[in-house]
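Chain residues, written in single-letter form:
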Amino acid sequence: ETGVTQTPRHLVMGMTNKKSLKCEQHLGHNAMYWYKQSAKKPLELMFVYSLEERVENNSVPSRFSPECPNSSHLFLHLHTLQPEDSALYLCASSQDTSGFGTEAFFGQGTRLTVV
Amino acid sequence: AQTVTQSQPEMSVQEAETVTLSCTYDTSESNYYLFWYKQPPSRQMILVIRQEAYKQQNATENRFSVNFQKAAKSFSLKISDSQLGDTAMYFCAFMDSNYQLIWGAGTKLIIKP
């Protein structure tokens, strides 16, 4: 399998649940990203990892907790979410975080609904 | 703050027609990259075309081309001979000197048979 793979594709969770989103890339990239995509709004960058080190955290609430155990895998742990957190969560990877003009490769996203 | 604006929330054209999607941005930087990404119903974002600000020649990729007007801070995407498979959300994005991508809100493009 090639590219960026996200699981699950769809997730419905209650506000008291704990769940995790998984992202895996088979491109040999060093950088991985989590984005939040809400309808009619620009993509919001949540977290950036470079060589398994977090390099960016854009004021994301602590109920979102990322984990990058190695350069091929990225997780987003979810805990005590709010209904406004319902969105499409996209994972992306790129060769590195400092490549000017570098293309980002995206997964198909996880559609999260918080009830 | 750097911003990207896509003024057309939705567009619809007939198959085989040419369509132009608008994008404007605001920055004080002199060198940067601009991108157009496509997000079909499968939801996977795919790079369509990119342009470096220092390059005067407009980028072209098969049926896709851009009209880059640096002074006007405009970066429109032209799709020629549109096909049903071009139906998607199209996002304009700007990469600054910190290598961060700043995104527009997207334009939904519908190609009608």
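The structure reproduced in this document is the subject of the present report.

**Observations regarding the state of the cysteines**
Structurally, a disulfide amounts to a covalent bond that connects the sulfur atoms of two cysteines. Residue and element names in this part refer to chain A. Applying the stated criterion to the full structure yields two disulfides over all chains. What pairs with C23 in a disulfide is C91, and their sulfur atoms sit 1.9 Å apart. The disulfide joining C23 to C91 has a torsion of about -75° about its S-S bond and is therefore left-handed. With a gap of 68 residues between them, C23 in strand β3 (residues 18-25) and C91 in strand β9 (residues 87-94) connect regions that are remote in the sequence. Like C23, the residue C91 is buried in the burial classification.

**Section: the nonpolar core**
Residues and elements named next belong to chain B. Counting 27 residues, the largest nonpolar core has L21, Y25, W36, F75, L77, Y90 and L109 as its most contacted members. Contributions of two or more residues to this core are made by β2 (10-14), β3 (19-21), β5 (33-39), β6 (46-52), β8 (64-69), β9 (74-79), β10 (88-95) and β12 (107-112). When residues in this core are grouped by element, the largest group, four residues, is from β10. Other than its neighbours up to four places away in sequence, F75 contacts C23, Y25, L34, F35, W36, Q51, V66, N67, F68 and C92.

**A look at the side chain of A:Q37**
Mapped onto the elements, A:Q37 comes out in strand β4 (residues 31-37). Here A:Q37 falls in the buried class, since its relative accessible area comes to 10%. Polar side-chain contacts of A:Q37 include one of 2.8 Å to the side chain of B:Q39. Every residue in contact with A:Q37, bar those within four places of it in the chain, is listed here: A:L43, A:A87, A:L88, A:L90, B:Q39 and B:F91.

**A look at unusual backbone geometry**
Note that the residue after A:T7, namely A:P8, is joined by a cis bond; omega there is -10°. Structurally, A:P8 can be placed in the loop between β1 (4-7) and β2 (10-13). Unlike most non-glycine residues, A:L51 shows phi in positive territory, near 50°. For B:Y99, which is not glycine, the phi torsion reads 65° and is therefore positive.

Rules and cut-offs
Residues numbered from 1 in each chain as written. Chains lettered and ligands numbered in written order. Predicted model: local features only at pLDDT ≥ 70, side-chain atom pairs only at ≥ 80, totals over all residues. Heavy atoms only, no water. Disulfide = S-S within 2.5 Å. Helix = DSSP H or I, 4+ residues; strand = E, 2+ residues; numbered from the N terminus. Buried < 20%, exposed > 50% of the residue type's maximum accessible area, 1.4 Å probe, protein only. Core = buried A, V, L, I, M, F, W, Y, C linked by side-chain atoms within 4.5 Å. Contact = heavy atoms within 4.5 Å. Polar contact = N/O pair within 3.5 Å; in protein donor to acceptor, adjacent residues only side chain to side chain.

Honestly, that's just the spatial picture; any functional story needs more than this.
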